[in-house]
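Results of the structural survey
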Amino acid sequence: MKITLFEQAPYRQLPDDFEQHHEAVCSTPYSLTTRDGVYSSIRDFLDEMMLGARAGFDGVAVTEHSQSSYDMLPNPDLIASALAYMTETEGLEVAVFPMGRSLGKAREPVRVAEEYALIDVMSGGRLVAGFPIGLHYDAGLNNGVPPVEIRPRFDENLELVLRAWTAPEPFPFNGRFSQLSQVNIWPRPLQSPPPVWITGIGNPRTMQMCLERNFGFNYLSWFGAKLTGKRIFDRFWDVADQVGVPRNPYRLGFLQTIAVAETDERAEAEYGPHLEYAFRKGLGAIPPEKLGLPGGIDIRGVEALVKDPGDFGLYHQMRTASFKDLVDAGVVICGSPATVREQVRSFCSEYGIGNLHAMLGFGSLPRELAMKNIQLFADEVAPHLRDLWTDTEHAHHWWPERLGGVPSAITAGAGATEGAASNPTSIPTSTAATARTEATA
Amino acid sequence: MTATDVSTPATRVEAVPAWNGRLTIQVKVAGSGPPLVYLHPAAGPGPGLDPFVLRLAERYTVYAPEFPGTSAGDPYAIHAVHTLPDVVLIYEEVLRRLGVTRPVLVGQSFGGMLAAELAAVFPDLASKVVLLDPIGLWREDLPIANWMATPPDQLPALLFQDPSGPAAQAMLALPEDLDQAAAAIAAMVWAMGSTGKFTWPIPDRGLRDRLHRLTAPVLLVWGREDRLIPVAYVDEWQRELPDCRAVIIDDCGHIPQVERYSETLAAVERFLLDN
């Protein structure tokens, strides 16, 4: 199993009653911050990510959120490029994994292609390229994209990025959202192309796209894996069976918030308040109408969610969730190394998960405790998880070759938009053919 | 007179092919007499014509086209429509195919914006235009509420001066059956998403530049307590339109034909009878 260190970059010194008065996104008053608080939140975050790289994690992973107090990373590529250079100079064989630039949000998709290409070059071919569809508040409210256009924009932008990476000759692009007389990016990625991962929260259409097109699928389980995991992962593997691809665990990524200390009691005492801070003042303080704007969720999805909101797990209680609530729902796994490795291993084993994104810094967790969590996990948990799938016949096709992956071609298949006419600008087959040619060259 | 007193002319639905076969526009048709076209608001056409429109159908043949994406069973039609100028051409085509000439154009909110666009792009299309609390203009010091990002439980207070009143309650009522309620909610949410393609994030697509072309007589009806789009926009419309009278209705929010049915009907009928 591949294990990455994942962190967001929350502001770590919000007032105790923050969530009673404020939302975590869009309208959050910046007057709540101090200059030193902002600096240390970002500096500590970067130092913790570098500790992870040095401690032997397989990858370091970050996300993109604008105008948010729970993740001050408007462009994850800025962080990823710093990590790419630092890890390259230190000779660390670690994947750099922005999870990453949302293509439903992006209005300059060629820039996304260029940034990722440059990170891949800077890291010597260690980029894993994540493309979330797009959070509604971020794409819609922060970047002005009509919600019903988030998925069509994602589809067109993804085709443009893949083509920009792989087409040997300059090409014109006449899209709905981008018109360019020539696309000919310098540099292009060292990998041909980098592994592509899509983040989703349960829409079967997104799963179908990943499985048909040979992308990895990341499920970021902040809603509480004990509540949502079985639904989501069973659905994913059912779709895999329908598409007719093997149940290869390496095509599935799972994010879990984890807190590990010497004993269960000490873990709760040390991390409990910071976990409550993280979820009450983070996800819990994002109002539902900002996560689901009209037009952004397919009409059948809305109907299904009205009848059964189970995919959202603990979300609706998160603004006041206690440590116990978070543990019971599986939002966090907290305890001694033995407790943590037993729970994580059994969960990943049960649901066929081949990539674990361990979220080891969160909320107000101070630098020293985050460092402790990362180091303890690296020393006493990760070594007990790595062999989970080694005795199977599966190869990891969604990981950089330099880091032991066995890249395979991007294939033609469904887009992310339910009910859209075939995208006039997309050329999935020729893109796939190009990618395949490059991959085998 | 109250809404419930209205007799109900039979409504039929015509499926009108448009946009070179890429769309089928559903048009509710009711009544008889000279043509009147009704354009629905952002939340969609709803299952039936509202009492105000049915009352007009006693004197007019009412045509109520459904916006692409808002018709039952055809949600993805919205993906075949890409620009507001195309929307205007589609509506003109539908009316031409129906043989509707020189209709009265009536539009509510989002439908009001569409009616104004249609009449501005095709100045000879409409005989008269009635706009009920229309969107389409923007002034930074008069912010328009973002109805799509408003929590559902706060929408009634955004739409109605008295959200607990009987008219508001009747309009907001959901079917008791869970499946039907879920379908109704999904249809309304998707309708907002579909119309939102042409209003998000700011409901201003440059209509102000085109309004001078709207030369037909216009009646503006506005609820004085409209919390979605303030009544002060009446002045903006009157500034841009060559022939525009306005009626402001007291104790009334964003949907005057529902919240103040009688006053709205009286104002509209007065305007339509006036030569």
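Residues numbered from 1 in each chain as written. Chains lettered and ligands numbered in written order. Predicted model: local features only at pLDDT ≥ 70, side-chain atom pairs only at ≥ 80, totals over all residues.

Further remarks concern the environment of Ile-135 of chain B. Residues and elements named next belong to chain B. Positionally, Ile-135 belongs in the loop between strand 6 (128-132) and helix 4 (155-159). Taking C-alpha positions, Ile-135 is 11 Å from Asn-146, a pair spaced eleven residues apart along the chain. Residues within four places of Ile-135 in sequence aside, it is in contact with Ser-109, Phe-110, Gly-112, Met-113, Ile-144, Thr-199, Pro-203 and Ile-229. (Helix = DSSP H or I, 4+ residues; strand = E, 2+ residues; numbered from the N terminus. Contact = placed C-beta atoms within 7 Å.)

Attention shifts here to the environment of Cys-244 of chain B. Residues and elements named next belong to chain B. Looking at where Cys-244 falls in the secondary structure, it is placed in strand 8 (residues 244-249). As a C-alpha pair, Cys-244 and Met-192 span 52 residues in sequence and 28 Å in three-dimensional space. The residues contacting Cys-244, other than those within four sequence positions of it, are Val-218, Leu-220, Trp-237 and Gln-238.

What follows concerns the pairing of strand 1 (residues 11-18) of chain B. Residue and element names in this part refer to chain B. Direction of pairing for strand 1 relative to strand 2 (residues 23-30): antiparallel, over a ladder of eight bridges. Paired with Ala-15 across the strands is Gln-26, a residue of strand 2. If you look at the hairpin formed by strand 1 and strand 2, you'll find four residues sitting between the two strands, and Trp-19 has a positive phi there, around 60°. (Pairing = 2+ DSSP bridges.)

With that settled, the discussion passes to the sheet that holds strand 7 (residues 218-223) of chain B. Residues and elements named next belong to chain B. Taken in spatial order, the eight strands of this open sheet run 1-2-4-3-5-6-7-8, and their pairing is mixed. Both edges of this open sheet fall to strand 1 and strand 8, since each of them pairs with a single strand only. Strand-to-strand, the axes of this sheet are offset by a mean angle of 20°, without reference to chain direction. Of the strand pairs in this sheet, strand 2 and strand 4 (residues 61-65) are connected by four bridges, and their pairing is antiparallel. By the bridge assignment for strand 4, Ala-30 is matched with Val-62. Of the strands in this sheet, strand 3 (35-39), strand 5 (104-108) and strand 6 touch helix 3 (residues 110-121), which is tilted by about 145° from strand 5. Packed on one face of the sheet, helix 8 (residues 233-240) meets strand 7 and strand 8 and runs near 170° to strand 8. (Axes fitted to C-alpha atoms, helices over the stretch in contact; angles between N-to-C directions.)

Tallying the contact residues gives 25 residues for chain A and 24 residues for chain B. Put simply, the parts of the chain that give the side of chain A that touches chain B at least two residues each are helix 5 (136-142), helix 10 (288-291) and helix 11 (299-307) of chain A. Among the elements that take part in the side of chain A that touches chain B, helix 11 of chain A stands out by supplying five residues, more than any other. Taken together, the residues of the side of chain A that touches chain B sort by class into 13 nonpolar, six polar and six charged. (Nonpolar A, V, L, I, M, F, W, Y, C, P; charged D, E, K, R; others polar.)

Function cannot be read off these values alone, since they describe shape.
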